[in-house]
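# Architecture at a glance
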Amino acid sequence: MMVINQNSKGKVHGIISNLVIVSVDGPIIQNEICYIIKEDIPLMAEVIKTSGQMAYVQVFENTTGLKIGAHVEFTGNMLEATLGPGLLSSQYDGLLHDLKSMKGTFLQPGDYTSTVDLERFWNFSPTVDKGTLVRAGDWLGSVIENNVNHRIMVPFTLEGDYLLENIFPEGSYKVTDTIAILLDNHGKQTPVTMIQKWPVKKAIHVYTDKPRPFKIMETGIRVIDTFSPITLGGTGFIPGPFGSGKTVLQQSISKQAEADIVIVAACGERANEIVEIFAEFPQLDDPWTGRKLIERTIIIANTSNMPVAAREASMYSAMTLAEYYRSMGLNVLLLADSTSRWAQALREMSNRMEELPGPDAFPMDLPTIISNFYSRAGFVYLNNGQNGSITFIGTVSPAGGNLREPVTESTKKAARCFYALSQARADSKRYPAIDPIESYSKYLEYDECIATLNSTFSDDWLIKINLLKNMLRKGKDAADQINILGDDGVSIDTHVTFWQSETIDFVILQQDAFDDIDCRTPLERQKFMVNIVLESISKSLFFDSFEEVRPFFKKLINVFQQMNYREFMSDEFSNHMQELHDLIQHNTIHNPVNL
Amino acid sequence: MVGNDLAGRFFNAFGLPIDGGPKPEGKEVAVAGPSVNPIRRKLPSELLATGIAGIDMNNTLVTGQKIPFFADANQPFNQVMALVALRAKADKIILGGMGLLNDDYLFFKNIFENAGALHKIVCFANTTEDPPIERLLIPDMALISAEYFAIEKNEKVLVLLTDMTLYADALSIVSNRMDQIPSKDSMPGSLYSDLARIYEKAAQFEEGGSITIMAVTTLSGGDITHSIPDNTGYITEGQLFLKYNTDIGKVIIDPFRSLSRLKNNVIGKKTRKDHPQVMNASIRLYLDAVNAKTKLDNGFELTEYDQRTLKYSYEYADRLLAIDVNIDTTRMLDIAWELFSKYFSIEELGIKSTFTDLYWKK
């Protein structure tokens, strides 16, 4: 609990935008939170540097109108997240203040609302008996939050073993009510409530083992699941110039991915994108549970016009919530859009502190900050043997679309999946604009991951995927040849090679994110489509001249596209299958010339 | 100082009249106020029709959107913007002119006067005769007035900002004087946040008012990787490119590089259901024509399909992409179907059969 009186106090000494220099009268800690009192309004700030009696604090608000000499009160705590039931379906700012309970159209500085509803009653049921030895992260009981079994855990900040002296019976409690009493080996009692606090910049480490991720996470997006799958507990990033479809792609993933909890951190991006989530998610169904999407979602919104310092914090807040739910044995998907804005927030602050700049004026320690953050994701085994995961996908907005810039390069070292969005594909409206050749998933090199892929699809799955990728590569070469030598300067085979790759492109790679059926392709259907496409285009096809190649493949692609728009295995779907069959028959048998 | 008196008036960066009229009456408010709580915004989903098919069909605009024209200095962006502003059904048009040439200032003044739209115009202008630092105040002045009309009067406000490149240049001058370490292209490291603070004022409010921002970012030599257009592109909801089409001798809206991110909130919902697919198919076929043209330039023979796409491309550019088009979206879609039937077979479209069944004419 905050006891402000016992802590240090200070006075504002200098102001450079949102960096404020404070002279202090006592001890303070690095990253300590303080409140600068601006005409009765407390502005939250964080200590980022100290030097003698001077503390450099970054203010999480606009400092316009702040005066020299203003009073500052330190809290003795670092930036903390409040963790407890009531987080799901909420919408927060970067510091986890509930946006819904704020008053007025505009965000007023100092309007700090509580993260969870402190007055709401939850039905708690204990799951361990008193007398048990417990440690941080152990499950004491649970409440049902939306559809999720929300575990009430031993506070993460406690060290060592505790004896569960008392646990309260099943019943209705507020989050602040005591539900258990722990006893340490000195006989000191610690009451436990349903909420706890955790400093967001530190990782929550209440698991026994963190193996390499091995299980594929279905996103329903063909080019991801089929070509470069991500795993439960995996990390990935999506760099792309503006207009290449990053946001649409991330939203598709957030809607469809196989996860118990989805946390969306909108970090320095457009407010309207968040509004879209606010508007859509309460309406849309979660394809996995049939309940509403909003029920499994937490949104952290620090849009581009909200204070910059809170943008940095928002990423850590989001990761802390993800770790909290992972400790309950759940699979959490964390999406951050975009990590570049986060890095820019670091740059702005480093600049104001007059630190010597690294490449592109970013701080020197940017690569370590990024890799450290990505390392908090992962698949873990908890103390009780259960498992949980955080899958983290971040977008990167490279300046000028140039991937050789510090944020992209640092992220490339930290993330295991790379989804390159190509401007050329976006320009020709081939969405999602993920380049299948440039993109990769390092998980395809993990033996344990290959094993699960084989059992999910089939034993020759990887061989098939490599075949497809190879055909795409050959198709690209063929396209170059046709462009250089002209349509009649190359063999008919070259045309066929080109159109084979176009078929893969149009049928498997491209997907209509705005079509109700095509937007999400379950793994089973992906397997079916890969097989049927491969089978169709690998048939020996006969053509008299190159001019026959295009019309044939155009027809083929058209039939496949119609299939993609139909309910899997519906009557219409089967009709298209028949059409496909006839079409291929026609060009394999009835064309006599080459036989 | 905001109030109803602002309508029909022209001011400088400090809000002082430059049209010879009296000082306006109203209440004083601080500029660059706090941002809107995202939860109090509404999803922009009201079509902003301009009659220009290159915009309405391919890059549909929505009230509450923010979108710039990326244009070279010699392109007629101010004219197109004025045209769009007059056709769009806005209650107020607020012009923020930064580093405006005096001639352009007079152009806007005249065109609004001639259109009899003066009563809904508010103009804040900093011309090239004024000190560049004063430009920094223009967007704040324009937007605080916009907020007054949008929030207190529930009006649909269209804000025109030209030219944001000159605004960013002024930012870099200030940051330079403050000994800040410059990042890319000698721009301040905070350029993204600075621009976002302005553009994010665009919003659809719950009570019906809205602020739509249409801006101009001039490019140097068409380079969109420069910090200013680059950061702008990441903030705004799309961008519009103008292009001179030599085949038809007209300025068109470039269908490849232009984008409206919010179009999916309205197309196929507020417009006819086939809109998204028709849009994509027509652009894809136009791209085929561009490829055919490259072939032709390289001296290769064209296939029969190539020739059809070329013919299609001339008609598509002339009847739908040119900026002098003024028709409603249903008519645009009908024209597109007419062109499809004229030049292509049904398989070459790749459109859902539910739509081809309805609209394919042959």
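A quick note: this is a predicted structure, and the numbers were derived from the prediction, not measured. (Residues numbered from 1 in each chain as written. Chains lettered and ligands numbered in written order. Predicted model: local features only at pLDDT ≥ 70, side-chain atom pairs only at ≥ 80, totals over all residues.)

## Focus on the overall build of chain A
Summing up its helical and strand segments, chain A has 14 helices and 26 strands in all. Compactness check: chain A gives a C-alpha radius of gyration of 28 Å against a globular reference of 25 Å for 595 residues, within 12% of the reference. Seen along its three principal axes, the alpha-carbon backbone of chain A occupies a region of about 95 × 55 × 45 Å. Residues classed as buried in chain A amount to 51% of the 595 residues present. Contacts in chain A between residues far apart in sequence, at least 24 positions, make up 69% of those at least 6 positions apart. (Helix = DSSP H or I, 4+ residues; strand = E, 2+ residues; numbered from the N terminus. Rg over C-alpha atoms; globule rule 2.2 N^0.38 Å. Buried ≥ 20, exposed ≤ 12 C-beta atoms within 10 Å, placed from the backbone. Contact = placed C-beta atoms within 7 Å.)

## Section: the pairing of strand β13 (residues 162–167) of chain A
All names here are of chain A. The pairing of strand β10 (residues 133–134) with β13 spans 2 bridges and is classified as antiparallel. Bridge assignment links valine 134 to a residue of β13, and that residue is tyrosine 162. Where β13 and strand β15 (residues 178–183) come together, 4 bridges link them in antiparallel fashion. Bridging across to β15, asparagine 166 finds its partner in isoleucine 181. (Pairing = 2+ DSSP bridges.)

## A few points about the domain arrangement of chain A
One widely used convention gives an interface's size as the accessible area the parts lose upon coming together. All names here are of chain A. Examined at the domain level, chain A breaks down into domain 1 (4–78), domain 2 (117–196), domain 3 (208–441) and domain 4 (461–588). Taking the mean C-alpha position of each, domain 3 and domain 4 sit 32 Å from one another. Taken residue by residue, the interface counts 17 residues in domain 3 and 17 residues in domain 4. If you list the elements that add at least two residues to the side of domain 3 that touches domain 4, you get α1 (222–227) and α2 (246–256). For the side of domain 3 that touches domain 4, the per-class residue count stands at 9 nonpolar, 4 polar and 4 charged. (Domains from an automatic or database assignment. Nonpolar A, V, L, I, M, F, W, Y, C, P; charged D, E, K, R; others polar.)

## Quick word on the interface of chain A and chain B
Facing the 54 residues of chain A at the interface are 51 residues of chain B. Listed by contribution, the elements that provide at least two residues to the side of chain A that touches chain B are α3 (271–280), α5 (339–352) and α13 (549–565) of chain A. Ranked by the residues each element gives to the side of chain A that touches chain B, the list is headed by α13 of chain A, at 8 residues. For the side of chain A that touches chain B, the residue count by class is 20 nonpolar, 20 polar and 14 charged.

## Describing the sheet that holds β10 of chain A
Residue and element names in this part refer to chain A. The sheet built from 4 strands is open, its strands ordered β10-β13-β15-β16 with antiparallel pairing. Both outer strands of the open sheet, β10 and β16 (189–193), are each paired with one neighbouring strand and no more. Sheet topology places β15 next to β16; 5 bridges connect them, and they run antiparallel. By the bridge assignment, threonine 178 is partnered in β16 with threonine 193.

## Topic: helix α4 (residues 138–152) of chain B
All names here are of chain B. Between the first and last C-alpha of α4 there are 21 Å, a value that for 15 residues agrees with the 21 Å anticipated at 1.5 Å per step. For α4, the tally of buried residues reaches 12 of 15 residues, placing the bulk of the element in the interior. When α4 is considered as a whole, its buried residues turn out to be Ile138, Pro139, Met141, Ala142, Leu143, Ile144, Ser145, Ala146, Glu147, Tyr148, Phe149 and Ala150. Check the buried side of α4 and you find it contacts β5 (92–100), β6 (121–127), β7 (156–162), α5 (164–177), α6 (191–199) and β9 (210–219). Asparagine 154 lies just past α4 and shows a positive phi near 55°. (Expected span 1.5 Å × (residues − 1).)

## Thoughts on the packing of helix α8 (residues 275–297) of chain B against helix α9 (residues 304–321) of chain B
Residues and elements named next belong to chain B. Between α8 and α9, the least distance of the axes is 8 Å, while the angle of their chain directions is 120°. Taken as a pair, α8 and α9 cross one another with a handedness that is left-handed. Across from Ser282, Leu285, Tyr286, Asp288, Ala289, Ala292, Lys293 and Lys295 in α8, the residues of α9 making contact are Asp306, Thr309, Leu310, Tyr312, Ser313 and Tyr316. (Axes fitted to C-alpha atoms, helices over the stretch in contact; angles between N-to-C directions. Left-handed = near helix turned anticlockwise from the far one by under 90°.)

## Quick notes on unusual backbone geometry
For the peptide bond that leads from aspartate 337 of chain A to serine 338 of chain A, omega is 0°, which places it in the cis range. The residue serine 338 of chain A is located in the loop between β22 (331–337) and α5 in this model. Cis peptide bonds are those with omega within 30 degrees of zero, and the linkage from tyrosine 431 of chain A to proline 432 of chain A qualifies with -10°. The backbone of asparagine 31 of chain A sits at a positive phi, close to 65°, despite the residue not being glycine. Tracing the backbone through its elements, the reader meets asparagine 31 of chain A in the loop between β2 (19–24) and β3 (32–38). For asparagine 31 of chain A, a count of 15 C-beta atoms within 10 Å translates into the label partly exposed. The phi angle at asparagine 154 of chain B is positive, at roughly 55°, despite the residue not being glycine. Along the chain, the position of asparagine 154 of chain B falls in the loop between α4 and β7.

## Points about the domain arrangement of chain B
Assigned domains within chain B: domain 1 (4–30 + 66–236) and domain 2 (275–359). Domain 1 of chain B and domain 2 of chain B are separated by 36 Å when their C-alpha centres are compared.

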